[in-house]
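Observations on the model geometry
Spelled out, the chains give:
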Amino acid sequence: VSRKRLSARRKHTLKSCMLVVANNLLEAESQVKAKERETFLAEKCPPLDVPYSREELVELCKKLHQQINISEEERYCTEFKLNMVLNEVRDLNIKIVDLRGKFKRPRLKKVRMSADAMLKALLGSKHTVNMDLRANLKQVKKEVKEEDKQLRDVGDWRKNIEDKSDRKKMFDS
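The present account deals with the structure reproduced in this document. As the structure is a prediction and not an experimental result, all values here were calculated from the model.

What counts, and at which threshold
- Residues numbered from 1 in each chain as written.
- Predicted model: local features only at pLDDT ≥ 70, side-chain atom pairs only at ≥ 80, totals over all residues.
- Heavy atoms only, no water.
- 1 Å grid on protein atoms, 1.4 Å probe; cavity = no way out; pocket = protein on both sides within 12 Å on 5 of 7 lines; lining within 4 Å.
- Points joined across faces, edges and corners; volume = space filled by probe spheres on them.
- Nonpolar A, V, L, I, M, F, W, Y, C, P; charged D, E, K, R; others polar.
- Domains from an automatic or database assignment.
- Patch = residues over 30% accessible without salt bridge, like charges linked within 9 Å, V, L, I, M, F, W, Y side chains within 5 Å.
- Areas by Shrake-Rupley, 256 points an atom, 1.4 Å probe, with all protein chains shown as cover.
- Salt bridge = Lys/Arg side-chain N within 4 Å of Asp/Glu carboxyl O.
- Helix = DSSP H or I, 4+ residues; strand = E, 2+ residues; numbered from the N terminus.
- Buried < 20%, exposed > 50% of the residue type's maximum accessible area, 1.4 Å probe, protein only.

Remarks on the layout of surface pockets
Roughly 390 Å³ of internal volume is contained in the largest pocket. As for the largest pocket, its lining consists of 16 residues, and the residues nearest its centre are Lys44, Cys45, Pro46, Leu64 and Gln67. Grouping the constituent residues of the lining of the largest pocket by class yields nine nonpolar, two polar and five charged. When residues of the lining of the largest pocket are assigned to domains, at least three fall in each of domain 1 (8–47) and domain 2 (51–104).

In structure tokens form, the structure reads like this:
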């Protein structure tokens, strides 16, 4: 994958050629737009010949007033359509950002909460029953072993010191 690198001079000449072509395209586009503007104005606003009589002037004013109303309606419609398109573009951009997931999610604080408090938060004021979590636990009776009884009945430790001293003698010998 060895590509030949362009020299600085070659890059500069390519860049200048691209700029010349782009400039020519922009000039051609501006000329086309100017011609379109002229044809549109010639179509929509024909040259005005001012009549000399009062009745003809009144007729001309009425005609111009109607044309102004029509153009205002068109302007309003195009402006409304433009706003709708801009709103749609904004909504789509928001959806794109949501789908990408670029926003940072805030770190949630850990909260210690009892079961009652959690139910109150979820259900609101409807929750009045207190949950007793120990109520459903299984009841187990404790069996008392005989060894435990003997250990409990021994009582004071000083009484058994003599028995234990015999044991100590066994280990010493």
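Observations concerning a nonpolar patch on the surface
A surface patch of nonpolar side chains, about 520 Å² in accessible area, is lined by Val111, Met113, Met118, Leu122 and Leu123. As for its position among the elements, methionine 113 is in the loop between helix H2 (54–100) and helix H3 (115–123).

Section: the pattern of salt bridges
Tallied over the entire structure, the rule returns four salt bridges. Across the pair glutamate 29 and lysine 33 runs a salt bridge whose closest N-O atoms are separated by 3.8 Å. In this pair, glutamate 29 and lysine 33 both sit in helix H1 (residues 8–44), four residues apart, roughly one turn of the helix. For lysine 33, a relative accessible area of 46% corresponds to the partly exposed category. Between arginine 90 and aspartate 91 there is a salt bridge, with the nearest N and O atoms lying 4.0 Å from each other. When its relative accessible area of 40% is taken as the criterion, aspartate 91 is described as partly exposed. Among the charged side chains, a network of salt bridges with common partners joins Glu72, Arg75 and Glu79.

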